[in-house]
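Residue-level structural notes
The lines below spell out each chain.
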Amino acid sequence: MDFFKYIHAVGTGPKGNRDLSFEESKDMMQQILDQSVPSEQIAAFLLGWRLKPETTEEFRGALSACDAYTDKENIPDSIELGYPFDGKAKNPYIFPLVAKALEKTDLKLVIMGDDKQPAKDGITVKNICQNINLHQNIKYFDRKEYCHKLHQLTDIRNKLGLRSGFNTIEKLPKVANSKYAITGVFHKPYVKKYVEIFADRYESFALIQGNEGTPELFSKGRIWIMKSNDIEEIIIDPQYYGIHYKKSWEQINLADSLEQLNNPSDEYLKLAKLNAAVYLFIAQKYKTIEDAFDALS
């Protein structure tokens, strides 16, 4: 279809806008990924799509198009961790320490990264993976390699400078064909939408009120996990496990982030163990998070 018709569908205002079908969304995303339309039209569509806003069916169609351009491999016994591609600005990452806590289990961590995307000016997963020795049970996938066409949209997205539908669908590309996945959400109303977009791609799928939208738990929050077509909500509080980590609200730089990983405090190591227990629970290795936490002691 003529791409301008897609712009018209999302950019004419509340009375004139309409939702795209699955097939239209797939075609729209194929044209964007191929950059067969001018960058100005891509930016116009992304802005209008965000404001309309996006529907679950549109996300699923766009994700289907991305799947076709993604080089995948099989990593058994792995859980895919869906991180935002705009990074973390106020706290360090914890996934390298989570991997260390999991070293005596058979669960592997799958993470993805790329150059920074809008809209937050944070430290990215790629920044960390390029500057630290990863444990052998982490597999890092660079999007420049596994989905080059989406990587090539970085310049257009950064010039637009705003969040777009890409910020949602890029989190979980299922690049390792993992059976299990978790990603972060900021607000409870997004839980149902994320479940509708991603849940049927995995045997076990969870969402967490993670730190800065990541799948990393730093303070008391909720986890939502799909079970028998129902969404089970679990409240988890690090203090229940004797963890008293204090979050930093200052802007963090790469050097400080790496320092906290290379020389972690005891509380930060305990927090890593709790996150490891959460991932083991989601991967159905234990019946409860408490059981998993005790097993890691």
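In case you missed it, the structure is sitting above this.
Below is a summary of the structure that appears in this document. (Residues numbered from 1 in each chain as written. Predicted model: local features only at pLDDT ≥ 70, side-chain atom pairs only at ≥ 80, totals over all residues. Heavy atoms only, no water.)

Each helix and strand in the protein was counted, giving 14 helices and seven strands. Relative to the globule expectation of 19 Å for 297 residues, the C-alpha radius of gyration of the protein, 19 Å, shows essentially globular dimensions. If one aligns the C-alpha atoms of the protein with their principal axes, the spans along those axes are about 60 × 45 × 35 Å. Residues classed as buried in the protein amount to 54% of the 297 residues present. (Helix = DSSP H or I, 4+ residues; strand = E, 2+ residues; numbered from the N terminus. Rg over C-alpha atoms; globule rule 2.2 N^0.38 Å. Buried < 20%, exposed > 50% of the residue type's maximum accessible area, 1.4 Å probe, protein only.)

Okay, the sheet that holds strand β6 (residues 221–227) next. Taken together, the seven strands give an open sheet; going across it, the order is β3-β2-β1-β4-β5-β6-β7, and neighbouring strands pair in mixed fashion. With partners counted over all chains shown, the strands left at the sheet margins are β3 (138–142) and β7 (230–236), one partner each. The average angle at which neighbouring strand axes cross in this sheet is 20 degrees, direction not considered. Judged from the five bridges that link them, strand β4 (residues 180–184) and strand β5 (residues 204–208) form a sheet pairing that is parallel. Within β5, the position partnered with A181 by the bridge is F205. The strands touched by helix α11 (residues 189–198) within the sheet are β4, β5, β6 and β7, with β5 carrying the most contacts at an inclination of about 150 degrees. (Pairing = 2+ DSSP bridges. Axes fitted to C-alpha atoms, helices over the stretch in contact; angles between N-to-C directions. Contact = heavy atoms within 4.5 Å.)

What follows deals with the pairing of β5. Most of β5 is tucked away, with five of its five residues classed as buried. Where burial is concerned, the two faces of β5 agree: the one with S204, A206 and I208 and the one with F205 and L207 are both buried.

Omega for the peptide link from K52 to P53 comes to 5 degrees, which places this bond in the cis form. Its location among the elements puts P53 in the loop between α3 (39–51) and α4 (56–68). Omega for the bond connecting P118 with A119 falls within 30 degrees of zero, at 20 degrees, which places this linkage in the cis form. Tracing the backbone through its elements, the reader meets A119 in the loop between β2 (108–113) and α6 (125–129). Positive phi, normally seen in glycine, also occurs at E212, with a value near 55 degrees. On the accessibility criterion, E212 (15% relative accessible area) is buried.

As a further point, take the pairing of β6. With three bridges joining them, β5 and β6 adopt antiparallel strand pairing. For I208, the partnering residue across the bridge sits in β6 and is I223. Where β6 lies against β7, seven bridges are found, and the strand directions are antiparallel. Residue pairing across strands places K227 opposite D230, the latter belonging to β7. Between the antiparallel neighbours β6 and β7 lie two residues, among them S228 with a positive phi of about 55 degrees.

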